[in-house]
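# An overview of the molecular structure
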Amino acid sequence: MMTARTTRAGDGDLFAALPEVDEEAQRRLHARLVAAANHAGILDVAYRTIDTPVGTLLLAATEQGLVRVAYPREDHDMVLDQLANRVSPRVLRAPARLDMAAREIEEYFAGRRSLFDLPLDLQLSHGFRRTVLSHLPEIGYGKTASYAAIAAAVGNPKAVRAVGTACATNPLPVVVPCHRVVRSDGTVGRYVGGTDAKKALLTLEAAA
Amino acid sequence: MGLQPFEAIVAEYGPTVLRVCRAVLGPTAADDAWSETFLSAMQAYPDLRPDSNVEAWLVTIAHRKAVDQLRAESRRAVPTDDLPEKPSKDGMPGGWESDLWAALKALPLKQRQTVAYHYLAGLPYADVAAVLGGSPDAARRAAADGITALRKAYLKGEAR
């Protein structure tokens with residue numbers, strides 16, 4: 001020990017007693033930053049992840065409500081970059097704000113919840129797409145509707161393809177039930193979380 | 001490309017800023033300085049130009065927060081200046097405060113700052129000078145003197 005210390009290696013060795021990374025301290029300080037930022041009203045986007053039968057979901061919320069749910073195939077790092085650019089770069093991993101959302105999603109996957117009762121922030125969806133998304137909760141748990149039926153319901157029966165786009169770009173999958181929109185020929189159609197995830201959700205809802 | 005999520009900034013630079021705060025302020029006050037630095041940085045972050053040198057920006061903020069703390073400390077400490085520091089018990093890794101911090105604390109503030117900003121944060125002397133004021137040459141001399149004194153006091157086991 002003494003020989004190592006008295007060796008005149010790089011000046012960096014002088015500071016060997018001062019750890020480069022002190023994980024315990026980083027955890028403590030991160031929690032303190034989250035609390036202070038929240039208190040100061042500058043925690044614009046809080047996020048966490050949650051493990052579900054269809055993969056690890058990223059959940060993000062503004063002060064208004066849940067703003068994003070993302071499947072792993074969307075690439076969580078890319079989704080966080082998008083949130084930084086489109087909502088605010090003041091983004092922190094801060095699970096507490098998402099406790100209620102996480103609990104409801106867990107209950108949903110356990111078959112104990114058929115309706116989400118969460119404040120939503122739809123700012124990532126605009127215009128016609130947003131109109132479509134706001135109609136989706138009308139398709140009840142365990143039911144499905146065709147893209148054409150949704151187009152008709154929003155008063156634009158020719159916009160079948162645009163309804164498909166609205167579903168494909170749903171920033172809040174699972175919670176805003178775009179998985180209940182299927183093709184007129186009875187096949188499930190495409191899904192932001194992948195066709196298998198869509199089938200899994202429809203199977204879950206049919207069984208309950 | 002725009003700004004990264006602030007979480008990535010905390011993850012990438014948090015440990016270095018903590019080392020800097022610890023080297024300048026010691027184990028006890030470092031937590032407060034780090035917290036104020038990152039809260040302040042997060043406040044200003046949306047206005048930061050995406051091509052900015054984030055590390056120099058954070059060290060500049062940390063420097064100001066540390067100076068504020070030192071001022072507050074000296075105001076509080078006026079009548080009892082010479083009391084020995086009690087070893088902190090709030091979860092710092094054992095030992096570093098007694099040896100390395102004693103040696104750092106013995107340095108003049110300017111030397112301690114230049115050593116921390118150059119050797120721990122890795123800022124070039126031009127950036128260190130921008131943070132501290134003064135010329136890059138003065139920063140280089142202060143850092144060299146600081147490192148020499150630190151070697152003498154700490155590596156040769158003369159620190160108390």
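Quick caveat: nothing in here was measured; it's all calculated off a predicted structure. (Residues numbered from 1 in each chain as written. Chains lettered and ligands numbered in written order. Predicted model: local features only at pLDDT ≥ 70, side-chain atom pairs only at ≥ 80, totals over all residues.)

## Looking at the overall build of chain B
Along its length, chain B carries seven helices and zero strands. Order of helices (α) and strands (β) in chain B, N terminus to C terminus: α-α-α-α-α-α-α. Counting every position in chain B, which comprises 160 residues, the buried fraction comes to 42%. (Helix = DSSP H or I, 4+ residues; strand = E, 2+ residues; numbered from the N terminus. Buried ≥ 20, exposed ≤ 12 C-beta atoms within 10 Å, placed from the backbone.)

## Some points on the nonpolar core
Counting 100 residues, the largest nonpolar core has A:Ala46, A:Leu59, A:Ala60, B:Val20, B:Cys21 and B:Ala62 as the members making the most contacts within it. Two domains each donate at least three residues to this core, and these are domain 1 (23-109) and domain 2 (127-207) of chain A. Not counting residues up to four positions away in its chain, the partners in contact with B:Val20 are B:Val59, B:Ala62, B:Ala116, B:Tyr117, B:Leu120 and B:Ala121. (Core = buried A, V, L, I, M, F, W, Y, C linked by C-beta atoms within 7 Å. Domains from an automatic or database assignment. Contact = placed C-beta atoms within 7 Å.)

## Side note on the interface of chain A and chain B
On the side of chain B, 35 residues touch chain A, which itself brings 33 residues to the contact. If one sorts the elements of the side of chain A that touches chain B by residue count, helix 2 (residues 23-39) of chain A sits on top with nine residues. A per-class count over the side of chain A that touches chain B returns 19 nonpolar, five polar and nine charged. (Nonpolar A, V, L, I, M, F, W, Y, C, P; charged D, E, K, R; others polar.)

## Structural notes on the domain arrangement of chain A
Residues and elements named next belong to chain A. We note that the domain assignment places domain 1 (23-109) and domain 2 (127-207) within chain A. The interface of domain 1 with domain 2 comprises ten residues on the first partner and twelve residues on the second. Contributing elements (two or more residues each) for the side of domain 1 that touches domain 2: strand 3 (66-70) and helix 4 (99-109). Considering only residue class, the side of domain 1 that touches domain 2 consists of eight nonpolar, no polar and two charged.

## As for unusual backbone geometry
Residues and elements named next belong to chain A. One non-glycine residue, Asp75, lies in positive phi territory at about 70°. Following the sequence through the fold, Asp75 ends up in the loop between strand 3 and helix 3 (76-86). In this structure Asp75 comes out as partly exposed when scored by C-beta crowding, with 13 C-beta atoms within 10 Å. In this structure, Val174 is a non-glycine residue whose phi angle is positive, near 75°. With respect to the helices and strands, Val174 occurs in the loop between helix 7 (160-168) and strand 6 (181-182). Assessed through the 23 C-beta atoms surrounding it within 10 Å, Val174 is described here as buried.

## With respect to the packing of helix 2 (residues 27-44) of chain B against helix 3 (residues 54-76) of chain B
Residue and element names in this part refer to chain B. The N-to-C vectors of helix 2 and helix 3 enclose an angle of 130°; their axes lie 9 Å apart at closest approach. In terms of axis orientation, helix 2 runs oblique to helix 3. The chirality of how helix 2 crosses helix 3 is right-handed. When helix 2 is examined against helix 3, the residues Ala29, Asp32, Ala33, Glu36, Thr37, Ser40 and Ala41 are found in contact with a partner set consisting of Leu58, Ile61, Ala62, Lys65, Ala66 and Gln69. When its residues are assigned to classes, the contact of helix 2 with helix 3 shows seven nonpolar, three polar and three charged. (Axes fitted to C-alpha atoms, helices over the stretch in contact; angles between N-to-C directions. Parallel < 35°, antiparallel > 145°, perpendicular 65-115°, else oblique. Left-handed = near helix turned anticlockwise from the far one by under 90°.)

## Examining the pairing of strand 1 (residues 45-52) of chain A
All names here are of chain A. With three bridges joining them, strand 1 and strand 4 (residues 91-93) adopt parallel strand pairing. Across the sheet, the residue bridging to Tyr47 is Arg93, located in strand 4. Between strand 1 and strand 2 (residues 55-61), which pair antiparallel one after the other, the connecting turn spans two residues. (Pairing = 2+ DSSP bridges.)

## Section: the packing of helix 5 (residues 127-135) of chain A against helix 7 of chain A
All names here are of chain A. Interhelical geometry of helix 5 versus helix 7 gives an angle of 80° and a closest axis separation of 9 Å. Accordingly, the angle class assigned to the pair helix 5 and helix 7 is roughly perpendicular. Touching Phe128, Arg129, Val132 and Leu133 of helix 5 are Ala162, Val163, Thr165 and Ala166, all from helix 7. Broken down by class, the residue content of the contact of helix 5 with helix 7 amounts to six nonpolar, one polar and one charged.

## Focus: helix 1 (residues 6-25) of chain B
Residues lying three or four places apart along an α-helix face the same way, a consequence of the helix completing one turn every 3.6 residues. All names here are of chain B. With 20 residues, helix 1 ought to run about 28 Å at 1.5 Å a step, yet its terminal C-alpha atoms sit only 25 Å apart, falling short of that. Helix 1 sits mainly inside the fold: 15 of its 20 residues count as buried. Looking at the residues trailing helix 1, positive phi occurs at Gly26, about 90°. (Expected span 1.5 Å × (residues − 1).)

## Thoughts on helix 7 of chain A
All names here are of chain A. For helix 7, the complete set of buried residues consists of Val163, Ala166 and Cys167. Summarising the axial view, the buried residues of helix 7 lie within an arc of 95°, below the 170-degree limit, and thus occupy one face. In this structure, the buried residues of helix 7 make contact with helix 5, helix 6 (147-153) and strand 6. (Arc of directions from axis to C-beta.)

## Quick look at the sheet that holds strand 2 of chain A
Residue and element names in this part refer to chain A. Overall, mixed pairing links the four strands, which are arranged 3-2-1-4 in an open sheet. The strands lining the two open edges of the sheet, one partner per strand, are strand 3 and strand 4. When the angles between neighbouring strand axes are averaged without regard to direction, this sheet yields 25°. The strands touched by helix 3 are strand 1, strand 2, strand 3 and strand 4; relative to strand 3, the strand with the most contacts, the crossing angle is about 155°.

## Some details on the confidence of the model for chain B
Residues and elements named next belong to chain B. Chain-level statistics for chain B give a pLDDT mean of 87 and a share of 83% at 70 or above. Below a pLDDT of 50 lies the segment residues 88-93, which in the model reaches eight contacts outside its immediate sequence neighbourhood of four places, other chains included. With a pTM of 0.88, the predicted complex shows an ipTM of 0.90. (pLDDT = per-residue confidence, 0-100.)

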